[in-house]
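# What the coordinates show
Listed here are the chains, written in short residue letters.
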Amino acid sequence: MNDFTRAARWWRDETIYQIYPRSFCDRSGDGVGDLAGIRAHLPYLRELGVDALWLSPIFVSPMRDFGYDIADYRAIDPLFGTMADFDRLLEEAHGCGLKLLLDLVPNHTSDQHPWFKASRSSRDDPRRDWYIWKDPVRGSDGSHHPPNNWISNFGGSAWEWDEATGQYYYHAFLASQPDLNWRNPDVRAAMFDVMRFWLDKGVDGFRVDVIWHLIKDDQFRDNPPNPAYSPDEPEIHRTLQVHSADQPEIHRVIAQMREVMHEYDERLLIGEIYLPLERLMHYYGEEGTGVHLPFNFQLIQCPWRAERVAEIVDEYEAALPPGGWPNWVLSNHDQPRIAARTGERQAAIAAMLLLTLRGTPTIYYGDELAIADVAIPPDRVQDPWARQEPGTSFNRDRARTPMQWSAEPHAGFSVVEPWLPLTDDWPDRNVAAQRGRPGSLLSLYTALLRLRRSHAVLRTGAYRRIEAGEDIFAYERGEGADRLAILLNFAAQPRTASLPDAYRGGAILLSSDPARSGAAEGPFRLGADEGVIVAPAGGNR
Ligand code: TEU
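Since we're looking at a predicted model, the values are computed, not measured.

## So, the overall build of the protein
A tally of regular secondary structure across the protein gives 16 helices and 22 strands. Here the C-alpha atoms of the protein give a radius of gyration of 24 Å, agreeing with the 24 Å that 2.2 N^0.38 yields for 541 residues. Taken over the C-alpha atoms alone, the protein extends approximately 80 × 50 × 50 Å along its principal axes. The buried share among the 541 residues of the protein stands at 61%. Considering only contacts within the protein whose residues lie at least 6 apart along the sequence, 69% involve residues at least 24 apart. Of the charged side chains in the protein, 57 are positive and 78 negative; the average position of the first set lies 3 Å away from that of the second.

## Focus on the confidence of the model for the protein
Overall, the prediction assigns the protein a mean pLDDT of 96, with 98% of residues at 70 or greater. Here residues 1–7 is a poorly scored stretch, pLDDT under 50, and it has 16 contacts once near neighbours within four places are set aside; other chains count.

## Thoughts on the nonpolar core
Buried together is how nonpolar side chains tend to be arranged in soluble globular proteins. The biggest cluster of nonpolar side chains holds 158 residues, and the ones touching the most others in it are Tyr17, Leu45, Phe86, Trp182, Met195, Phe206 and Phe473. At 9 residues, helix H12 (residues 344–356) tops the list of elements feeding residues into this core. Those residues within four positions of methionine 195 in sequence are excluded, and the remaining contacts are Leu104, Phe206, Met257, Val260, Met261 and Leu269. Of all hydrophobic cores here, the second largest spans 15 residues; its members include Ile466, Ala468, Ala474 and Phe524.

## Section: the environment of glutamate 408
Position of glutamate 408 among the secondary structure elements: in the loop between helix H13 (384–388) and helix H14 (431–434). Considered as a pair, glutamate 408 and alanine 432 are 24 residues apart in the sequence and their alpha carbons are 9.8 Å apart.

## A word on the sheet that holds strand E15 (residues 360–364)
With parallel pairing, the 8 strands of this open sheet are ordered in space as E13-E12-E11-E5-E2-E1-E15-E14. What marks the edges here is a single partner per strand, and that holds for strand E13 (293–294) and strand E14 (327–329). Against the sheet, helix H7 (residues 250–262) makes contact with strand E11 (205–208) and strand E12 (268–271), and its axis sits at roughly 155 degrees relative to E12, the strand it touches most.

## Quick word on the packing of helix H4 (residues 83–95) against helix H6 (residues 185–201)
The interhelical angle for the contact between H4 and H6, taken along N-to-C directions, is 55 degrees, at an axis separation of 11 Å. By the angle class used here, H4 and H6 are oblique. Mapping the contact onto sequence places Met83, Phe86, Asp87 and Leu90 in H4 and Phe197, Trp198 and Lys201 in H6. Looking at the contact of H4 with H6 residue by residue, the class counts come to 5 nonpolar, no polar and 2 charged.

## So, the side chain of asparagine 296
With respect to the helices, strands and loops of the structure, asparagine 296 is situated in the loop between E13 and helix H9 (298–301). Here asparagine 296 falls in the buried class, since its relative accessible area comes to 0%. Side-chain polar atoms of asparagine 296 contact the backbone nitrogen of glutamine 298, separated by 3.0 Å. Side-chain polar atoms of asparagine 296 contact the backbone oxygen of asparagine 327, separated by 2.8 Å. In this structure, asparagine 296 is in contact with Tyr316, Asn327, Trp328 and Val329, ignoring residues within four places of it in sequence.

## Details of the pattern of salt bridges
Counted by the stated rule, this structure contains 42 salt bridges. The shortest N-O distance in the salt bridge between arginine 39 and glutamate 92 comes to 3.5 Å. You can see arginine 39 sitting in helix H2 (residues 35–40) and its partner glutamate 92 sitting in helix H4, a full 53 residues away along the chain. With a relative accessible area of 32%, glutamate 92 lands in the partly exposed category. Two residues, aspartate 367 and arginine 337, come together in a salt bridge whose shortest N-O distance is 2.7 Å. Of the two residues, aspartate 367 is situated in the loop between E15 and H13 and arginine 337 in the loop between E14 and helix H11 (338–342); the sequence distance between them amounts to 30 residues. Each member of the salt-bridge network shares a partner with another, and the members are Asp65, Asp334, Asp383, Arg396 and Arg400.

So, how was this worked out
Residues numbered from 1 in each chain as written. Predicted model: local features only at pLDDT ≥ 70, side-chain atom pairs only at ≥ 80, totals over all residues. Heavy atoms only, no water. Helix = DSSP H or I, 4+ residues; strand = E, 2+ residues; numbered from the N terminus. Rg over C-alpha atoms; globule rule 2.2 N^0.38 Å. Buried < 20%, exposed > 50% of the residue type's maximum accessible area, 1.4 Å probe, protein only. Contact = heavy atoms within 4.5 Å. Lys, Arg positive; Asp, Glu negative; His and termini not counted. Charge placed at Lys NZ, Arg CZ, Asp CG, Glu CD. pLDDT = per-residue confidence, 0-100. Core = buried A, V, L, I, M, F, W, Y, C linked by side-chain atoms within 4.5 Å. Pairing = 2+ DSSP bridges. Axes fitted to C-alpha atoms, helices over the stretch in contact; angles between N-to-C directions. Parallel < 35°, antiparallel > 145°, perpendicular 65-115°, else oblique. Nonpolar A, V, L, I, M, F, W, Y, C, P; charged D, E, K, R; others polar. Polar contact = N/O pair within 3.5 Å; in protein donor to acceptor, adjacent residues only side chain to side chain. Salt bridge = Lys/Arg side-chain N within 4 Å of Asp/Glu carboxyl O.

The following block contains the structure:
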């Protein structure tokens, strides 16, 4: 039996928690989070009940894109600590049963990486072909123009002119993030060695940044215009990324990455992929050649209405290839937070959804407190994208604000003013205030994670939609007597749900409303913004 069809892989049972290291906890006293801060809060993460931590990049970087611009893939940035701090974090995380996933950023390096410095030094340098260099298009007056119309994800042309060598280089993000040439086998070999370096240390896997970007059209054809573009959108949407990303050859590259992972036992490969569902599914690959989990951002991108969310879940379940294991994400460091999108009361429904759907959940740090987007005063804006395209509606800083630990100064995050502001209500919205308090979102997350552990059906049971009525998304997990029903009221008013007969008189295992008691009735009265998990009568408790 190959790896793809083998039944149990740890990530099917476990929950991932994303930490944005700059914003988790600062122990060095510079206002920026660090590895020692993460280590200090391992007990919190155990108590919450998550299983695997994914850290956004912690490697040496000029921090133009806050670590997604790497200058040394094998060293820890001093801002976050030392390699000894990393080794200690890994050891202690493993010691308390937590796995550790790193962020692999193979699409581009920093322009300060020695590879790029060599590449840009001369056209004859052996590293020249490690990046994507093209001759200019010349105007009749001798002026130089980019070789095609590709746009940077952060706005403007994706081509940067290099006067010294008379060519353009390609950058899908900032000009200080030149794209590597993944058609060059030496680049592949070098990055696979980076993977081995961390896998040898014992990390449990990687989240691979913009994996669908690695291979570009070999003819560098222009992207077609996007007929639906409106000028208030980020400039990247002006064209359709038909030729600059998601090329067929990417799947061979991913298969090679999987071969590297196969040299080790039970390591996880996640791909960061923003693509429509039918394109996304190709990234599972065939027979274990794709990523284990192509990140599923459907819930981030959909309007928060019961009917639409239900459709999205059904479509996703139906689109999965045989053996493809699902995953769900509500927020990340690039997107408005879930509580900002749904409001605080519905954040509880979102939590119940995330932790009861079939598939590996990823929780974004701070979502368990319903931290919402924080308005960033203009003089404190950090996000290079927001600086480069000030017209864009969303500034990523708003979803990257510090974790709020307590009512101590600076919310216990730091002893000095943090790099980004806290929420206005931090004296109440923090871990110390919510821990163990009935009805708090943190208590709900903790209870949900405990229930996932104690009830295998919530982890691996089949998913089946139940028609329960307007504004309610309801589904079952499991089969026969071994099943549970989940009823989620997306409305801010009470609603009545029809409940399958088997659940009448069944136990309510969990409600988002701590005042709820008793057994399940026939037509089931759900409170405003209430979600419940119900066992069948006489069944599964
Ligand atoms: O993000 C890639 C990416 O595509 C997003 O920035 C996307 O453009 C945005 O969310 C709008 O949908 C990854 C990292 O997560 C991000 O932080 C980095 O800035 C980027 O890659 C470059 O490494």
